[in-house]
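Descriptive analysis of the structure
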Amino acid sequence: MAQFFQIHPDNPQSRLIRRAVEILLEGGVIVYPTDSSYALGCQLGEKSAMERIRRIRRLDDKHNFTLVCRDLSEIATYAKINDQAYRMLKSLTPGAYTFIHEATKQVPRRLLHPRRKAIGLRVPNNAICHALLAELDQPILSTTLILPEHTEPLTDPYDMRELLDKQVDLIIDGGFCGLEPTTVIDMIAEPPTLVRRGKGNATLFEE
């Protein structure tokens, strides 16, 4: 049965954040809020937890997970970023964007796009998310909480509890955080190109 934490969206309780991170480090799967929607997450490198997330969402092995990072310097550990891209990311993070970059060797091979050796990364503008990442001191491997029979992410933590109680280890209730997906930018392309229009302002990438 999943644990259920009600965490303040602006001033996260440090005790609950520490316990949530302990669950991640123990190989658990958590539901947590971001700046665009709720997400499923696990520790980077936890293969069994990642497979549990695949089963919850019924994802095939071609689905690309996202690395949710604490800040730009953490992104630079996992993605190859030139000076121009760094300046662009600095102006857009934290925010509701996912950036596709060529991955460094720090990223496990099974997470990479099979042809491009690429990975999606983001830095959400959400206090709970940031507190989790600061305590964990590494990215959270994540995917949006959209169940197979749904077309939009779940938004009510009590619905999540009813549907996922036996499938995840922790559900964090951080209040309503939205339905709109992130804006996805391909940073490998020259110039960077808009892959998906979402919550983040995309005018910079529109022709």
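What this report covers is the structure whose coordinates are included nearby. (Residues numbered from 1 in each chain as written. Predicted model: local features only at pLDDT ≥ 70, side-chain atom pairs only at ≥ 80, totals over all residues. Heavy atoms only, no water.)

Moving on: helix α6 (residues 157-164). Three or more residues of α6 are buried, namely Pro157, Met160 and Leu164. Buried residues along α6 cover an arc of 50° about the axis, so they all sit on one side. Elements that come into contact with the buried residues of α6 comprise β1 (3-6), β2 (30-33), β3 (38-43), α2 (47-57) and β8 (170-173). The backbone nitrogen of tyrosine 158 lies 2.8 Å from a side-chain oxygen of the residue at the head of α6, namely aspartate 156. (Buried < 20%, exposed > 50% of the residue type's maximum accessible area, 1.4 Å probe, protein only. Helix = DSSP H or I, 4+ residues; strand = E, 2+ residues; numbered from the N terminus. Arc of directions from axis to C-beta. Contact = heavy atoms within 4.5 Å. Polar contact = N/O pair within 3.5 Å; in protein donor to acceptor, adjacent residues only side chain to side chain.)

Attention shifts here to the nonpolar core. Buried together is how nonpolar side chains tend to be arranged in soluble globular proteins. Val31, Leu67, Leu145 and Val168 are the most contacted members of the largest nonpolar core, which totals 45 residues. Setting aside residues up to four positions removed in sequence, leucine 67 forms contacts with Leu44, Tyr78, Val107, Leu111, Ile119, Gly120, Leu121, Arg122, Pro139, Ile140 and Leu141. Counting 20 residues, the second largest nonpolar core, distinct from the first, contains Phe5, Ala20, Ile30 and Cys129. (Core = buried A, V, L, I, M, F, W, Y, C linked by side-chain atoms within 4.5 Å.)

What follows deals with the sheet that holds β3. The strand order across the open sheet built from ten strands is β1-β8-β2-β3-β7-β4-β6-β5-β9-β10, with neighbouring strands paired in mixed fashion. Looking at the sheet topology across the chains shown, the edges are occupied by β1 and β10 (193-196). On average, adjacent strands in this sheet sit at an angle of 35° to one another, irrespective of strand direction. Bridge count for β2 against β3 is four bridges, and the pairing is antiparallel. Its bridge partner lying in β3, valine 31 is registered against leucine 40. Sitting on the sheet, helix α5 (residues 127-136) touches β2, β4 (66-68), β7 (140-144) and β8, and the angle it makes with β2 is about 125°. (Pairing = 2+ DSSP bridges. Axes fitted to C-alpha atoms, helices over the stretch in contact; angles between N-to-C directions.)

One pass over the full model with this rule turns up seven salt bridges. Among the ionic pairs, arginine 54 bridges to glutamate 51, the shortest N-O distance being 3.6 Å. Of this pair, arginine 54 and glutamate 51 both sit in helix α2, three residues apart, which is roughly one turn of that helix. With relative accessibility at 8%, the residue arginine 54 sits in the buried group. Residue class for glutamate 51 comes out partly exposed when judged on its relative accessible area of 29%. With its nearest N and O atoms 2.8 Å apart, the salt bridge here joins arginine 70 to aspartate 137. (Salt bridge = Lys/Arg side-chain N within 4 Å of Asp/Glu carboxyl O.)

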